[in-house]
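Residue strings, one per chain:
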2 protein chains.
Amino acid sequence: MAHHPQLVSELSEGELLARILPRLGAGRALLGPGDDAAMLASPDGRTVISIDTLVQDQDFRLQWPGGYSTTGFDVGWKCAAQNLSDINAMGAVATSLVVSLTLPANTRITWVEGLADGLSAALRALGAEQCTVAGGDLGRGDSLVVTAAVTGDLQGRAPVLRSGARPGDTLAVCGVLGHAAAGLALLESGMDYAALSGWERSLAAAQSRPCPPLAAGPAAAGAGAHAMMDISDGLVRDSGRLCAASGVRIDLDPEMLRKDATLLAGTAGNLGADPLHWVLGGGEDHGLLAAFAAGQELPRGFRRIGTVLEDMGPGAGRVTVGGGKPAAAGWDHFAG
Amino acid sequence: MAHHPQLVSELSEGELLARILPRLGAGRALLGPGDDAAMLASPDGRTVISIDTLVQDQDFRLQWPGGYSTTGFDVGWKCAAQNLSDINAMGAVATSLVVSLTLPANTRITWVEGLADGLSAALRALGAEQCTVAGGDLGRGDSLVVTAAVTGDLQGRAPVLRSGARPGDTLAVCGVLGHAAAGLALLESGMDYAALSGWERSLAAAQSRPCPPLAAGPAAAGAGAHAMMDISDGLVRDSGRLCAASGVRIDLDPEMLRKDATLLAGTAGNLGADPLHWVLGGGEDHGLLAAFAAGQELPRGFRRIGTVLEDMGPGAGRVTVGGGKPAAAGWDHFAG
């Protein structure tokens, strides 16, 4: 009987590439994988670029306490989604991903094939068909590390920066708040994954396969947003970054936050958690945080979440909730 | 007494960034680090892009048997050099790097500062002052992983592909052959690093801080090179890739190879190694392999190393040395 290789250690680099490349589709690059570099059209004369990494046991567990196994598809999807979100946050449209995979020898080939499928599926499902996986790199390592760099096209628009918020602006968000954190709590809780409700599984999916609102970034830029960023490390922490860049402070509206928290109250009750902590501090939702001129009609999908105020100087809180201290801070990759 | 943090685990992400960013210089990006993505000028209307990763214990050891400790400076330099080399191989000029660092908690802050210095120093020393470190990503992991994506500008030229070599072309190389492999052998040998000669240390440096000939790629493109690639996995293996892409075979000239091997003969003798194996099979030199029309004067820095011949069909050797089988194959990231 023929031997069917199961692990990446049984394949050469060329053989593994031959498994991956057909799953990535033809793409729209002027020159795709196979040369020392890929080539893209940049008709705008400017290119936006970002890079983001997923590390096993830091950004995902291969096996969660409740029994859920993270698939290659999940990791490919999340890698694409979090990179695309950075381009979205500039008001740009993603044009290419280049992806570097560091794989332990015992990684299953089907897991890597799933990762390629997840990258492709996220591009289609999130509405980024114009984005192509243009190239990549394969190597060995002790743990799984997936890094992608993403390029984007501003289509003639000005980029929307973090630094443009002005006192009096309406602060708005697009996308969910705290769902990925609720999903993380469910996956970490040890609750049997197979017994989770459909709603709870959708929260787990918000953690494993986030869905950034990709049409909303260019739309907000087109509508004249003063400032914008994606919410990757939590509403309070990322709001603080917007404040620091713009030289302003922000007061979040407790009434609006309560609406988001109410959605998660049942799940939080089951886990003995506070849903407002997820809404204020939860990362990885990859929604958009943007400042618009006061009184402006918000673009479709955005909802008011607070107000931009004048900076009160050192010592004053940068981000408040109804004038008071927030109940949760958010995620720092290095703290503690 | 004030506490002076030593390890990255003692800093927040923002504090570590504040140590890194000043070392990267002002840069020439239209928009540098600090937003969700950076922005570059792409006046050519096309962008070339590539990605490459260095993994601890795979691509470098922190501590070598003979006592040499790989510095952050070395890793930053090598990361820049190998990425810049991919852009060089297309005949383009690098415009930006985005860099993702995965750092164990016990990584020394000074090591990371050294890495930033090494990135900057390589850009200057290798003649890539027009290239800027435009952005990055920081995260935790069990081992050090450094990934960079690099963009480049073709300055109006056509990219030089692997697929353009034609029977009768002169095969030429620019840069050293086998020096990085000799350096690796020295570092792995257990010979006391402190007792190595100046020449031997320069070979070790070719491994730790390679110097791709960055002016030569655009010059070869301007001179009408038919095909080009960088030699990252060894002359024979990379020549085989050029053959496969171009549908040709290659015969390397043993007389020319002997000149390269002679340079390394003393070191090889000390280690009981065959210098020709390093020349034929050694990776990481990041020189250029290019095919030029027969009889054409080679651009400065290139030397003839063989001849492009017609493909003889399946079963025939793709790459030969004086018509015979090569003595060494080269590096595969997944084989064995």
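Residues numbered from 1 in each chain as written. Chains lettered and ligands numbered in written order. Predicted model: local features only at pLDDT ≥ 70, side-chain atom pairs only at ≥ 80, totals over all residues.

Colleague: How should I be thinking about the overall build of chain A in this particular structure?
Modeller: Summing up its helical and strand segments, chain A has 10 helices and 11 strands in all. For a compact globule of 336 residues, the expected C-alpha radius of gyration is about 20 Å, and chain A comes in at 21 Å, within 12% of that figure. With the principal axes as the frame, chain A shows a C-alpha extent of 70 × 50 × 35 Å. Within the span of chain A, comprising 336 residues, buried residues form 58% of the whole. Relative to all contacts within chain A whose residues are 6 or more apart in sequence, the contacts with residues 24 or more apart total 86%. (Helix = DSSP H or I, 4+ residues; strand = E, 2+ residues; numbered from the N terminus. Rg over C-alpha atoms; globule rule 2.2 N^0.38 Å. Buried ≥ 20, exposed ≤ 12 C-beta atoms within 10 Å, placed from the backbone. Contact = placed C-beta atoms within 7 Å.)

Colleague: Would you explain the environment of A:Asp169 in this entry?
Modeller: Residue and element names in this part refer to chain A. When you line up the elements, aspartate 169 lands in the loop between strand S5 (145-153) and strand S6 (170-174). In this structure aspartate 169 comes out as buried when scored by C-beta crowding, with 24 C-beta atoms within 10 Å. Sequence spacing of aspartate 169 and glycine 295 is 126 residues, and the spatial spacing of their C-alpha atoms is 8.4 Å. With sequence-adjacent residues up to four places away left out, aspartate 169 is seen in contact with His226, Ala291, Phe292, Ala293, Ala294 and Val308.

Colleague: Sorry if this is basic, but what is going on with the interface of chain B and chain A here?
Modeller: The accessible area lost on association of the parts is a frequent measure of interface size. Between chain B and chain A, the residue contacts involve 62 residues of the former and 62 residues of the latter. Among the elements of the structure, helix H1 (13-20), strand S1 (38-41), strand S2 (46-55), helix H2 (72-88), strand S3 (93-103), strand S4 (132-140), strand S5 (145-153) and strand S7 (227-231) of chain B are those that each provide at least two residues to the side of chain B that touches chain A. A breakdown of the residues in the side of chain B that touches chain A according to their chemical character gives 30 nonpolar, 20 polar and 12 charged. In the sheet, strand S2 (residues 46-55) of chain A pairs with S1(B) via 4 bridges, with the strands oriented antiparallel. (Nonpolar A, V, L, I, M, F, W, Y, C, P; charged D, E, K, R; others polar. Pairing = 2+ DSSP bridges.)

Colleague: Sorry if this is basic, but what is going on with unusual backbone geometry here?
Modeller: In the Ramachandran plot, A:Asp57 falls in the positive-phi region, its phi being about 70° despite a non-glycine side chain. By the element assignment, A:Asp57 lies in the loop between S2 and helix H2 (72-88). For B:Glu284, which is not glycine, the phi torsion reads 75° and is therefore positive. For B:Glu284, the location among the structural elements is in the loop between helix H10 (275-281) and strand S9 (287-292).

Colleague: What is the right way to look at the nonpolar core in this model?
Modeller: A general feature of soluble globular proteins is that nonpolar side chains tend to end up buried together. Formed by 224 residues in total, the largest nonpolar core has its most connected members in A:Leu119, A:Ala290, B:Leu119 and B:Ala290. Sequence-distant contacts of A:Ala290, defined by excluding residues within four places in its chain, comprise A:Ala172, A:Ala220, A:Ala225, A:Ala227, A:Met228 and A:Phe302. (Core = buried A, V, L, I, M, F, W, Y, C linked by C-beta atoms within 7 Å.)

Colleague: Could you clarify how one ought to interpret the sheet that holds strand S3 (residues 93-103) of chain A in this entry?
Modeller: Strands belonging to one sheet form pairs held by backbone hydrogen bonds; the direction of such a pair is parallel or antiparallel. The 5 strands lie next to each other as S4(A)-S3(A)-S5(A)-S2(A)-S1(B), forming an open sheet whose pairing is mixed. The outermost strands of the open sheet, each flanked by one partner alone, are strand S4 (132-140) of chain A together with S1 of chain B. Averaged over all adjacent pairs, the angle separating strand axes in this sheet is 20°, with direction ignored. Two strands pair when backbone bridges link them, and S2(A) and S5(A) are joined in this way by 8 bridges, in the antiparallel orientation. Residue pairing in the sheet places A:Asp52 in a bridge with A:Ala148 of S5(A). (Axes fitted to C-alpha atoms, helices over the stretch in contact; angles between N-to-C directions.)

Colleague: What exactly am I supposed to notice about the domain arrangement of chain A here?
Modeller: All names here are of chain A. For chain A, the assigned domains read domain 1 (8-153) and domain 2 (162-321). The partner domain 2 presents 26 residues to the 22 residues of domain 1 that form the contact. A total of 9 residues in the side of domain 1 that touches domain 2 trace back to one element, the largest contributor, which is H2. Residue composition of the side of domain 1 that touches domain 2, grouped by class: 11 nonpolar, 8 polar and 3 charged. (Domains from an automatic or database assignment.)

Colleague: Please explain the relation of the copies chain B and chain A as it appears in this structure.
Modeller: The operation relating the pair of chain copies consists of a rotation about an axis and a translation along that axis. Least-squares fitting of chain B to chain A yields an RMSD of 0.0 Å, with the transformation described by 0.0 Å of translation along the axis and a rotation of 180°. The two molecules are tied by a two-fold rotation axis, judged by turn and shift. Among all residues of chain B, the minimum C-alpha distance to the rotation axis is found for B:Gly45, at 2.8 Å. A symmetric contact is evident, with 100% of the interface residues of chain B recurring at the interface of chain A. (Least-squares fit on C-alpha atoms with pLDDT ≥ 70 in both.)

Colleague: Is there a simple way to explain the pairing of S2(B) in this structure?
Modeller: The side chains of a regular strand alternate between the sheet's two faces. Counted residue by residue, S2(B) has 10 buried out of 10 residues, so it is predominantly covered. Neither face of S2(B) is left uncovered, since the one carrying B:Arg46, B:Val48, B:Ser50, B:Asp52 and B:Leu54 and the one carrying B:Thr47, B:Ile49, B:Ile51, B:Thr53 and B:Val55 both have all their residues buried.

Colleague: Hey, could you run me through the packing of helix H4 (residues 179-189) of chain A against helix H5 (residues 198-208) of chain A in this one?
Modeller: In helix packing, the relevant descriptors are the interaxial angle and the interaxial distance, both defined with respect to the helix axes. Residue and element names in this part refer to chain A. Packing of H4 against H5 brings their axes to within 7 Å, and their N-to-C directions diverge by 105°. By the criterion of interaxial angle, the relationship of H4 to H5 is roughly perpendicular. Of H5, the residues touching H4 (which contributes His179, Ala180, Ala182, Gly183, Leu184, Leu186 and Leu187) are Glu200, Leu203, Ala204, Ala205, Ala206 and Gln207. Here the contact of H4 with H5 is composed, by residue class, of 9 nonpolar, 3 polar and 1 charged. (Parallel < 35°, antiparallel > 145°, perpendicular 65-115°, else oblique.)

Colleague: Hey, could you run me through the environment of B:Gly141 in this one?
Modeller: Structurally, the position occupied by B:Gly141 is in the loop between S4 and S5. The sequence separation of B:Gly141 and B:Ala268 amounts to 127 residues, and the corresponding C-alpha distance is 37 Å. Beyond its immediate sequence surroundings of up to four residues, B:Gly141 is in contact with A:Val55, A:Gln58, A:Ser143, A:Val145, B:Thr102, B:Leu103 and B:Pro104.

Colleague: Looking at this structure, how should I read the sheet that holds strand S8 (residues 248-252) of chain B?
Modeller: Residue and element names in this part refer to chain B. Strand order in the open sheet made by the 6 strands is S7-S9-S6-S10-S8-S11, with mixed pairing throughout. Edge positions in the sheet fall to S7 and strand S11 (319-321), since each has one partner strand and no second. In this sheet, adjacent strand axes meet at a mean angle of 30° when their direction is disregarded. As defined by bridge partners, S7 adjoins S9 across 5 bridges and the pair is classed as antiparallel. Directly across from aspartate 230, in S9, lies its bridge partner leucine 288.

Colleague: Where do I start with helix H3 (residues 109-125) of chain A in this structure?
Modeller: Since the α-helix packs 3.6 residues into each turn, any two residues three or four apart lie on the same face. Residues and elements named next belong to chain A. A rise of 1.5 Å per residue sets the reference length of H3, with its 17 residues, at 24 Å; its end C-alpha atoms lie 24 Å apart and thus fit the reference within 8%. Contacts made by the buried residues of H3 are with helix H1 (13-20), H2, S3 and S4. Just beyond H3, the residue with positive phi is glycine 127, at close to 85°. (Expected span 1.5 Å × (residues − 1).)

Colleague: How do you make sense of helix H5 (residues 198-208) of chain B when you look at a structure like this?
Modeller: Within the sequence span of H5(B), burial applies to B:Leu203, B:Ala204, B:Ala206, B:Gln207 and B:Ser208. Along its buried surface, H5(B) packs onto H2, helix H4 (179-189) and helix H9 (265-271) of chain B.

Colleague: What's the story with the pairing of strand S8 (residues 248-252) of chain A in this structure? I'm lost.
Modeller: Residue and element names in this part refer to chain A. Of all 5 residues making up S8, 4 are buried, and the element is well covered by its neighbours. Bridge analysis of S8 against strand S10 (residues 302-310) gives 5 bridges, and the strand direction is antiparallel. Note on S10: the bridge partner recorded for valine 248 is glutamate 310.

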